[in-house]
Amino acid sequence: MKRFIFAMLSVGFLVACSEEPQVVYQAVTGFTPVKTEYYEVERLFIGRVSASQQANVSFETQGVAEELLVDQGERVTKGQALAKLDISLLKTQSNELAAQLRDTKSRKKLAENSLRRQIDLKANGFTAEQRIDELTSEVESLAASESRLKASFNANVIRLKKGVLKAPFGGVVSRRFIDAGTVVDPSQPIFQIIDEGGLELKVGIPADLVGSLVTGNSYAAEIDGVETTAIFISAAAHLDQITQSVPVRFALTDVDARDGQTAVVSIVNKQQIAGFWVPIASVTEGMRGSWVVYGLEGKSALRTLTQSAVEILHVDDDSFYVKADITGDIV
């Protein structure tokens, strides 16, 4: 609240040897500062936009990349086929294992039938115990071979299925690492897929500021000159040894951004210190590097200027937040 008052300035000068000092009145603009219990400090941090899900997908078996079904920039859905290996050798192995399995089953069945006949003959005293033992051992051996062949056949079926590379989640193919015809090894990257629907902003902030962040709260952000909001997700439990900051994650929604873009997030930190907001012009340099403001003493239209020391706690665009003992108007 501004109002014009008259402050009394005592000015002494000699008009004549016997004259008294004259009193000069100067019109000034005063206002009453309002005491607050805290002030807020806005701090800006630079981070990078990142997909919430990002993966380099690869085959689990060695082979020749026979066909690439998608290319860089294409959108894919979860489970969609991305590439195929040449599985002709696996098919041949599968056919061979299937034939061996049929042969083993047939020979085991024959041995089981022979064993049953020998057991029947023994009941009538027409066969030797040794022959029964031999057939029993043969049946057991063929059963073990059947189990091994079944396991090999099932493993080959799995390798055949893994000859088709599928997308682990829906997103966009951001990179293609190989061409068709390339011999690939297990875990060699074939495509990079990012989830465009779930963008995050990753920022490093000082450890003493982490406690002021609230999960689910929105914070102002800016990406390529466009203002948006970032929702705080979580903070890491460790300190980055290079930047000496804590990595934190913000979720981005309703924003047109790309993985790798630079962004700025604004975090407002509340400082619980009582004080006053005063215009910068109201603060004057005092003795020995101190700062002062001039107050108005009295209640009439004619008041006297007083001086109060202040401690500057924060600087805004056009104001100081000061700690001081101010009880009335200041100029």
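Owing to the predicted nature of the structure, the values given are computational and were not obtained by experimental measurement.

## A few points about the overall build of the protein chain
Across its full length, the protein chain holds three helices and 22 strands. Each of the 331 residues in the protein chain was classed as buried or not, and the buried ones make up 31%. The contacts of the protein chain with a sequence gap of at least 6 include a subset with a gap of at least 24, amounting to 69%. As displayed, the protein chain has an accessible area near 20400 Å², and 51% of this comes from carbon and sulfur atoms.

## Quick look at unusual backbone geometry
One non-glycine residue, S187, lies in positive phi territory at about 75°. For S187, the position within the fold is in the loop between β11 (183-184) and β12 (189-194). Although it is not a glycine, Q244 sits at a positive phi angle of roughly 55°. Following the sequence through the fold, Q244 ends up in the loop between β15 (226-235) and β16 (246-252). What makes Q244 partly exposed here is its relative accessible area of 45%.

## Some remarks on the sheet that holds strand β10 (residues 171-176)
The four strands lie next to each other as β5-β12-β10-β7, forming an open sheet whose pairing is antiparallel. Two strands lie at the open edges of the sheet, namely β5 (54-58) and β7 (75-76), each paired on one side alone. Two elements, β10 and β12, share four bridges in a ladder whose sense is antiparallel. Residue V173 lies in a different strand from β12, and its bridge partner there is I193.

## What to know about the sheet that holds strand β8 (residues 81-85)
The strand order across the open sheet built from four strands is β9-β8-β6-β11, with neighbouring strands paired in antiparallel fashion. Each end of this open sheet is capped by a strand with a single partner; those strands are β9 (164-166) and β11.

## Structural notes on the side chain of T61
Inspection of the secondary structure assignment puts T61 in the loop between β5 and β6 (63-68). The exposure class of T61 is buried, given its relative accessible area of 16%. The contact partners of T61, leaving out residues within four places of it in the chain, are L85, R159, V184 and P186.

## Thoughts on the pattern of salt bridges
Per the counting criterion, the structure on display carries seven salt bridges. Here R249 makes a salt bridge to E200, at a shortest N to O gap of 2.7 Å. Here the residue R249 occupies a position in strand β16, and E200 occupies one in strand β13 (residues 199-205), the gap between them amounting to 49 residues. With a relative accessible area of 32%, R249 lands in the partly exposed category. For E200, a relative accessible area of 7% corresponds to the buried category. Three or more residues are tied together by salt bridges with common partners; here these are D71, R176 and D179.

## Brief notes about the pairing of strand β17 (residues 262-271)
Along any regular strand the residues' side chains alternate between the sheet's two faces. Pairing of strand β4 (residues 39-51) with β17 involves ten bridges; the strand directions are antiparallel. Pairing of V41 across the sheet is with N269, part of β17. Note that strand β14 (residues 218-223) and β17 share three bridges and pair antiparallel. Residue pairing in the sheet places A221 in a bridge with V265 of β17.

## Overview of the packing of aromatic side chains
Counted under the stated rule, the structure contains four aromatic pairs. Both rings, one in Y219 and one in F250, keep their centres 5.9 Å apart while their planes meet at 75°; by these two values the pair is edge-to-face. Taken together, the positions of Y219 in strand β14 and F250 in strand β16 put the pair 31 residues apart, joining distant regions of the chain. A relative accessible area of 0% places F250 in the buried class. Taken together, the ring pairs in this structure connect Y39, W277 and Y321 into an aromatic cluster.

## Description of the nonpolar core
Formed by 22 residues in total, the largest nonpolar core has its most connected members in V203, I205, L213, V248 and F250. Put simply, the parts of the chain that give this core at least two residues each are β4, β13, α3 (207-210), β14, β15, β16 and β17. Core analysis: the next-biggest nonpolar cluster, separate from the first, contains 17 residues, A65, L82, A167 and F191 among them.

## Some words on the confidence of the model for the protein chain
On average, residues of the protein chain score 81 in pLDDT, and 85% of them reach the 70 mark or higher. Ranking the elements of the protein chain by mean pLDDT puts strand β1 (residues 2-11) last, at 40, and β8 first, at 93. Under a pLDDT of 50 for its full length, residues 1-18 has, in the predicted model, 47 contacts with residues more than four places off or in other chains.

## Section: helix α2 (residues 129-161)
End to end, α2 covers 48 Å across 33 residues, agreeing with the expected 48 Å (1.5 Å per residue, within 8%). Residues I132, L135, V139, L142, S145, E146, L149 and N156 constitute the buried set of α2.

What counts and what doesn't
Residues numbered from 1 in each chain as written. Predicted model: local features only at pLDDT ≥ 70, side-chain atom pairs only at ≥ 80, totals over all residues. Heavy atoms only, no water. Helix = DSSP H or I, 4+ residues; strand = E, 2+ residues; numbered from the N terminus. Buried < 20%, exposed > 50% of the residue type's maximum accessible area, 1.4 Å probe, protein only. Contact = heavy atoms within 4.5 Å. Areas by Shrake-Rupley, 256 points an atom, 1.4 Å probe, with all protein chains shown as cover. Pairing = 2+ DSSP bridges. Salt bridge = Lys/Arg side-chain N within 4 Å of Asp/Glu carboxyl O. Phe/Tyr/Trp six-rings, centres within 6.5 Å; stacked < 30°, edge-to-face > 60°. Core = buried A, V, L, I, M, F, W, Y, C linked by side-chain atoms within 4.5 Å. pLDDT = per-residue confidence, 0-100. Expected span 1.5 Å × (residues − 1).

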